[in-house]
Amino acid sequence: MRHIGILAHSADGAALCFLEIVREASRRLRPHEHPEITMSILPMGPVLELYDRGDLPAVRAHLARTARRLLDAGCDFFVCPDNTAHIALEWPGDPLPLPGLHIAEIVAQRASADGRTSVGLLGTKWTMDGPVYPAAFGRHGIRMTTPSAADRALVDDVIFEELCRGVLTAPSRAEYVRIIETMKREGCDAVALSCTEIPLLITPDVSPLPTLDSTRLLAREAVTVAIDGPAPAWRGGAIGSLIADH
């Protein structure tokens, strides 16, 4: 089996990805069996200001250091469960030291396979306002919507002030459910939980819409690749051009 590297950018989501890889592998193989996994995480704090300044090359260099550490550890490919990081990973630059899976493309593929036509997106302010998910859903002919500006700010605030700190509260869950309910009324037939921490707060049993859990979808695809799937070819940069070439 291939050795999986987790390019961690935020702690709680990376931990969820790690656990899901282990559990999914055990479901497919047998209990206590899974591919070798190595996780590397540099502190996220120093790059938050870089995101705010739009200095994506510097963020990409930060993430590439982690990818190099995973390569040095013997990993065959990486997964990065942080959706926001993919904005920087898609930025033009030297090929990453290690090939990886692209989280937004995996989510869009799942949405297309499920027959979804209009998906609501929840994530950090950078993910909701950024180019990664519109491009991914657009490649599959799926309409994407985001909450109102006020609700985008609320979603982002809960992520960084609560979820990233391990805080789960009933009032924040109720606000997220309200936002998803609004998306449902506006015609969405699914909601993409495209921040690694959101599934800790919003589970399928409380969501008014079917959920596309980016972290768990990524983890399950990683298991497929590790066991018997083709090795990924993406090494950063625009994923769309790579898909077109293939």
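In short, a report on the structure. Nothing here was measured: the structure is a model prediction, and the numbers come from that model.

What counts as what
Residues numbered from 1 in each chain as written. Predicted model: local features only at pLDDT ≥ 70, side-chain atom pairs only at ≥ 80, totals over all residues. Heavy atoms only, no water. Helix = DSSP H or I, 4+ residues; strand = E, 2+ residues; numbered from the N terminus. Rg over C-alpha atoms; globule rule 2.2 N^0.38 Å. Buried < 20%, exposed > 50% of the residue type's maximum accessible area, 1.4 Å probe, protein only. Contact = heavy atoms within 4.5 Å. Areas by Shrake-Rupley, 256 points an atom, 1.4 Å probe, with all protein chains shown as cover. Lys, Arg positive; Asp, Glu negative; His and termini not counted. Charge placed at Lys NZ, Arg CZ, Asp CG, Glu CD. Core = buried A, V, L, I, M, F, W, Y, C linked by side-chain atoms within 4.5 Å. Salt bridge = Lys/Arg side-chain N within 4 Å of Asp/Glu carboxyl O. Phe/Tyr/Trp six-rings, centres within 6.5 Å; stacked < 30°, edge-to-face > 60°. Disulfide = S-S within 2.5 Å. Pairing = 2+ DSSP bridges. Axes fitted to C-alpha atoms, helices over the stretch in contact; angles between N-to-C directions. Parallel < 35°, antiparallel > 145°, perpendicular 65-115°, else oblique. Nonpolar A, V, L, I, M, F, W, Y, C, P; charged D, E, K, R; others polar. Left-handed = near helix turned anticlockwise from the far one by under 90°.

Attention now moves to the overall build of the protein chain. Of regular secondary structure, the protein chain possesses 12 helices and 7 strands. A globule of 246 residues ought to have a C-alpha radius of gyration of about 18 Å, and the protein chain, at 17 Å, matches this closely. Its C-alpha atoms give the protein chain principal-axis dimensions of about 45 × 45 × 40 Å. Expressed as a percentage of the 246 residues in the protein chain, the buried residues total 51%. The contacts of the protein chain with a sequence gap of at least 6 include a subset with a gap of at least 24, amounting to 77%. With the model as given, the accessible surface of the protein chain reaches about 10,400 Å², and the carbon-plus-sulfur share is 53%. Measuring between centres, the 24 positive side-chain charges of the protein chain sit 2 Å from its 31 negative side-chain charges.

A few words now on the nonpolar core. Judged by nonpolar contacts, the single largest core of 75 residues is most densely connected at Ile21, Phe78, Val79, Leu122, Phe137, Tyr176 and Ile198. Of all the elements, helix α11 (residues 214–227) adds the most residues to this core, at 7 residues. Residues in contact with Phe137, not counting those within four places in the same chain, are Val107, Ala108, Ala111, Val119, Ile142, Met144 and Ala192.

For the rest of this paragraph, the subject is the pattern of salt bridges. Throughout the structure, instances matching the rule amount to 16 salt bridges. The salt bridge involving Glu20 is made with Arg27; its shortest N-O contact spans 2.7 Å. Residue class for Arg27 comes out exposed when judged on its relative accessible area of 52%. When the shortest N-O distance is used, the salt bridge between Asp213 and Arg216 registers 2.6 Å. For Arg216, a relative accessible area of 24% puts it in the partly exposed group. A cluster of three or more residues bridged by salt bridges with shared partners is formed by Glu20, Glu24, Arg27, Arg28, Asp213, Arg216 and Arg220.

Okay, the side chain of Ser172 next. As for its position among the elements, Ser172 is in helix α9 (residues 170–185). Not counting residues up to four positions away in its chain, the partners in contact with Ser172 are Val158, Glu162 and Leu201.

A few words now on the packing of aromatic side chains. For the structure on display, the rule yields 4 aromatic pairs. Aromatic pair Tyr133 and Phe137: ring centres 5.7 Å apart, planes at 40°, arrangement tilted. Separated by 4 residues within a single helix, Tyr133 and Phe137 lie in helix α7 (residues 132–139), roughly one turn from each other. By the ring-pair criterion, three or more aromatic residues cluster together here, those being Tyr51, Trp126 and Phe160.

Across all of its chains, the model carries 0 disulfides by this definition. Of all cysteine sulfurs, the one in Cys195 lies closest to Cys188, which takes part in no disulfide; the gap is 18 Å.

Turning our eyes to something else, we now look at the sheet that holds strand β2 (residues 37–41). With parallel pairing, 3 strands are arranged side by side in an open sheet as β2-β1-β3. One side of each edge strand has no neighbouring strand; the edge strands of this open sheet are β2 and β3 (77–79). Across the sheet, the axes of successive neighbouring strands diverge by a mean angle of 30°, strand direction being ignored. Where α11 meets the sheet, it contacts β1 (4–8) and β3, and its direction lies at approximately 165° from that of β3.

Here we take up the packing of helix α5 (residues 103–113) against α11. A pair of packed helices is captured by two measures, namely the crossing angle of their axes and the spacing between those axes. Two numbers describe how α5 lies on α11: the axes approach to 9 Å, and their chain directions differ by 95°. Taken as axis vectors, α5 and α11 run roughly perpendicular relative to one another. Here Ile103, Ile106, Val107 and Arg110 of α5 come into contact with α11, specifically with Ser214, Leu217, Leu218 and Glu221. Looking at the contact of α5 with α11, its residues break down into 5 nonpolar, 1 polar and 2 charged.

Okay, unusual backbone geometry next. For His32, which is not glycine, the phi torsion reads 70° and is therefore positive. Relative to the helices and strands, His32 is located in the loop between α1 (11–28) and β2.

One can describe the packing of α1 onto α11 by two numbers: an axis separation of 8 Å at closest approach and a directional angle of 50°. Accordingly, the angle class assigned to the pair α1 and α11 is oblique. Helix-helix and strand crossings are classified by hand; for α1 and α11 the assignment is right-handed. Of α11, the residues touching α1 (which contributes Gly13, Leu16, Cys17, Glu20, Ile21, Glu24, Ala25, Arg27 and Arg28) are Thr215, Arg216, Ala219, Arg220, Ala222, Val223, Thr224 and Ile227.

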